[in-house]
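Coordinate analysis (summary)
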Amino acid sequence: MGTMGQEKVQVLLSTYQGEQYLAEQLDSLLGQTWKNLEILVRDDGSRDNTQQILEDYSQKYSQITYYAGKNVGVANSFFDLLQKSDADYVAFCDQDDVWLEKKIEVAVRRLKKETGPALYCSNKILVDRQLRRLKKQDKAQRRPGFGNAVVECICTGCTAVMNRELAKILAAKVPEHAILHDWWAYLAAAYTGKVIFDRRAYILYRQHGKNVVGAKGGFWGAVQSKAAYLKNNKGKLKGQLADFSKLYHGDREKDALVAKVLAAETIPGRIKVVWNRKIYRQSVLDELIMRILFLIGKML
C-alpha cells in the first residue's frame, strides 16, 4: 500500500491483566492502513500473562515497544504514556477492543485540517465478547463544547486521537484528581482548542457484562441507572474541576463556568447552575436528571 502519510502516529496503550483479548487488539493495530505507526505500551502491574504477550509481540514487531510500571490506575498510566510520547499524533487505546483498519487514517485526516490543539473522538460499534454486534447501537451525533465537558464526557478514550499541540499541553499539566484520562482530555481540548466528534464508528467496543449501561428496562429503569451513574461520580467531579481550575485559567468565560459549577455546593449556587443554559448534557433525559441532582445537592 505504501505509506500514505509521513506524519508519525503513536498509539498509547495501557494494559492490566489483559491476556484474554490483548493479542487480538495488537493485531488490529498492526493492520492499520496508516503505516507510520508506533505502538507504545505501559503495563500497569499485571500479574497474568500480559507482559509475556507484550514481550513476544515487541520482539516480533519493531513498531511495538513496552515498559512495565507499578500499578497506578488507568488514568495515571495514560498520563505517564503521554509524557513519553513524541509523535505528531497520539491515540489512546484500550486492551480489549478491535480497531477497524482505517481508524487512525480517518482521525489523522480530520485532525490535519486543524491548527491549534485538537482532539478527535468518535462513536463505537458495540459488540459482545465474541465481537458479535449488539442490537443496541449508539449512532447519535454529539455537540462538543466546554459547557458539556464540565459535566459530561462524550470522548470515549479508545476513540480519542489528538495532535501534538494538545498532547504537549496534557503532558505538561497532569492532574491529581482526573475522573478518567479521556474526560480530562476532553475538558482540556474544549478549553484550549477544538473537539471533533465523528458520528461514524471505527472501533469494535467490547461490552463485558459489567459495563453495559442502563441494564434495567423501561423509562424508569433508564432514569435510575443514569442517576446512579451520575451520583457515583459525586465528589470525583468536584475534585476534577477543582484541579482543572488550578491548572487551566485565562479564558474568562470558561473560568467563570468552572467556578459556577464548583459554587453549586451552596443553595444559591445550585440554583444558578440549574438555570444556566451554557452547562449542558447531550440527551434531554440526562440534562433533566443532572439539573435535579444539582438542585438536591447530589451532583458534586
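Just so it is clear, the structure is predicted and the values come from calculations on it, not from any experiment.

Attention now goes to the overall build of the protein chain. Scanning the protein chain from N- to C-terminus turns up 12 helices and 8 strands. The C-alpha atoms of the protein chain give 19 Å as radius of gyration, which agrees with the globular expectation for 300 residues (19 Å, within 12%). By its C-alpha atoms, the protein chain is 60 × 45 × 35 Å across when sized along the principal axes. Restricting to contacts in the protein chain with at least 6 residues of sequence separation, those with at least 24 account for 81%. Per element, the accessible surface of the protein chain, about 14300 Å² overall, is 53% carbon and sulfur. Where the 47 positive side-chain charges of the protein chain centre and where its 33 negative ones centre are 8 Å apart.

Further remarks concern the packing of aromatic side chains. By convention here, two paired aromatic rings are described through the distance between centres and the angle between planes. A full pass over the atoms with the stated rule returns 9 aromatic pairs. Ring geometry for F146 and Y191: centres 5.5 Å apart, planes at 70°, overall edge-to-face. Note that F146 is positioned in helix α5 (residues 146-149) and Y191 in helix α7 (residues 181-192), a separation of 45 residues in sequence. Across the pair, exposure class does not vary: F146 and Y191 are buried alike. Between Y191 and F244 the ring centres are 5.6 Å apart and the planes differ by 75°, which places this aromatic pair in the edge-to-face class. Of the two residues, Y191 sits in helix α7 while F244 sits in helix α9 (residues 236-247), which places them 53 residues apart along the sequence. Look at Y191 and you get buried, because its relative accessible area is 9%. Among the aromatic side chains, those forming a connected cluster through ring pairs are F146, W184, Y191, F244 and Y248.

Turning our eyes to something else, we now look at the pairing of strand β1 (residues 9-15). By the criterion of burial, β1 is predominantly enclosed, with 7 of the 7 residues buried. Of the two faces of β1, the one lined by V9, V11, L13 and T15 and the one lined by Q10, L12 and S14 are each fully buried. With 7 bridges connecting them, β1 and strand β2 (residues 37-43) associate as parallel partners. The residue bridging S14 from the neighbouring strand is R42, located in β2. Bridge count between β1 and strand β4 (residues 89-93): 5 bridges; the pairing is parallel. Bridge assignment links V9 to a residue of β4, and that residue is Y89.

Listed as buried for helix α6 (residues 164-172) are L166, A167, L170 and A171. Looking down the long axis of α6, one finds its buried residues gathered within 130° of arc, a one-sided arrangement. Turned more than 90 degrees away from the buried face of α6, the exposed residues are K168 and A172. Where α6 is buried, its residues contact α3 (74-84), β4, β6 (118-127), β7 (161-163) and α7.

Summing up the model confidence of the protein chain, the mean pLDDT is 93 and the portion of residues at 70 or higher is 95%. Across residues 211-215 the pLDDT falls below 50, and counting only partners more than four positions away or on other chains, this stretch makes 4 contacts in the model.

Turning our attention to helix α11 (residues 267-274). All buried positions along α11 are accounted for by G269, R270, V273 and V274. The buried residues of α11 all sit within an arc of 135° when viewed along its axis, so they share a single face. Of the residues in α11, the exposed ones pointing more than 90 degrees away from the buried face are P268 and K272. Along its buried surface, α11 packs onto α10 (252-262) and α12 (284-295). One side-chain oxygen at the N-terminal end of α11 lies 3.1 Å from the backbone nitrogen of G269; it belongs to T266.

Although it is not a glycine, Q17 adopts a positive phi angle of roughly 45°. Here Q17 lies in the loop between β1 and α1 (22-30). You can call Q17 partly exposed: its relative accessible area is 31%.

What counts as what
- Residues numbered from 1 in each chain as written.
- Predicted model: local features only at pLDDT ≥ 70, side-chain atom pairs only at ≥ 80, totals over all residues.
- Heavy atoms only, no water.
- Helix = DSSP H or I, 4+ residues; strand = E, 2+ residues; numbered from the N terminus.
- Rg over C-alpha atoms; globule rule 2.2 N^0.38 Å.
- Contact = heavy atoms within 4.5 Å.
- Areas by Shrake-Rupley, 256 points an atom, 1.4 Å probe, with all protein chains shown as cover.
- Lys, Arg positive; Asp, Glu negative; His and termini not counted.
- Charge placed at Lys NZ, Arg CZ, Asp CG, Glu CD.
- Phe/Tyr/Trp six-rings, centres within 6.5 Å; stacked < 30°, edge-to-face > 60°.
- Buried < 20%, exposed > 50% of the residue type's maximum accessible area, 1.4 Å probe, protein only.
- Pairing = 2+ DSSP bridges.
- Arc of directions from axis to C-beta.
- pLDDT = per-residue confidence, 0-100.
- Polar contact = N/O pair within 3.5 Å; in protein donor to acceptor, adjacent residues only side chain to side chain.

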